[in-house]
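As a plain string of letters, each chain reads:
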Amino acid sequence: AAFGIDASYSNHQYNNQELASMCVYKNYIYVGTYSPTIRFNNTTQAWEGYYGRKATGGQIWRSGDGGSWNQVVGNGFGDIGQSKVTAMEGFGGYLYAAVTSENGCKIYRSADGQNWDAEPVITDGFERGKYNYKVTSLKAYMGRLYATTAGYIFTNTVPESVYLAHETHSKE
């Protein structure tokens, strides 16, 4: 099943339901996935997915030819509660990838698109926690990487916002 998607919902091994983001970086095309989680089960201490499936967290797949794909990130960067890779962008010699998180969005980076830094460069929803649970886009512009975010709709107190995710400094 391409990208781990099982359209028939018959194989409980595959959990991705959506190709959520895409970008090109260093002669590869990358796709980020969405593997939905429903809730954290306190009894089993595990995230549970739809239709009795085990939640796997968001993944990143890449291809050098557009036909053959390899998974380069799995299990939501080590936290299956990070269920969706919402945005990706190349900037300053790194590929950045944003993930959803109930405790606030996060952004990870990789110099080669295959080996990712263990710690995210942005955590805790840009210091707004769950009120910025998702990055909706990442864009490089004039030596800066910008991120737009979305908070929980039901709070109705936090508007969608634009944040500076990273900045490069040129030597003069």
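Data block above holds the structure.
Residues numbered from 1 in each chain as written. Predicted model: local features only at pLDDT ≥ 70, side-chain atom pairs only at ≥ 80, totals over all residues. Heavy atoms only, no water.

## Remarks on the nonpolar core
Soluble globular proteins: nonpolar side chains tend toward being buried together.
Right, so step 1: One finds Y30, I60, F77, M88, L95, A97 and W116 to be the most contacted residues of the largest nonpolar core, which totals 14 residues.
Right, so step 2: For this core, the elements supplying multiple residues, two or more each, are β1 (18-25), β6 (70-73), β7 (85-91) and β8 (94-99).
Right, so step 3: At three residues, the largest contribution of residues to this core is made by β8.
Right, so step 4: If sequence neighbours within four positions are ignored, W116 has contacts with I60, V72, V73, F77, L95, A97, Y108, R109 and S110.
Right, so step 5: Residues A87, I122, F126 and V135 belong to the second largest nonpolar core, which totals 12 residues. (Core = buried A, V, L, I, M, F, W, Y, C linked by side-chain atoms within 4.5 Å. Buried < 20%, exposed > 50% of the residue type's maximum accessible area, 1.4 Å probe, protein only. Helix = DSSP H or I, 4+ residues; strand = E, 2+ residues; numbered from the N terminus. Contact = heavy atoms within 4.5 Å.)

## What about the pairing of strand β2 (residues 28-34)?
Right, so step 1: Inspection of the sheet shows β1 paired to β2 by seven bridges, in the antiparallel sense. Note on β2: the bridge partner recorded for E18 is Y34.
Right, so step 2: A loop of two residues connects β1 with β2, the two strands running antiparallel in sequence, and K26 in this loop sits at a positive phi of about 45°.
Right, so step 3: Where β2 and strand β5 (residues 60-63) come together, four bridges link them in antiparallel fashion. Of the residues in β5, the one forming a bridge with V31 is W61. (Pairing = 2+ DSSP bridges.)

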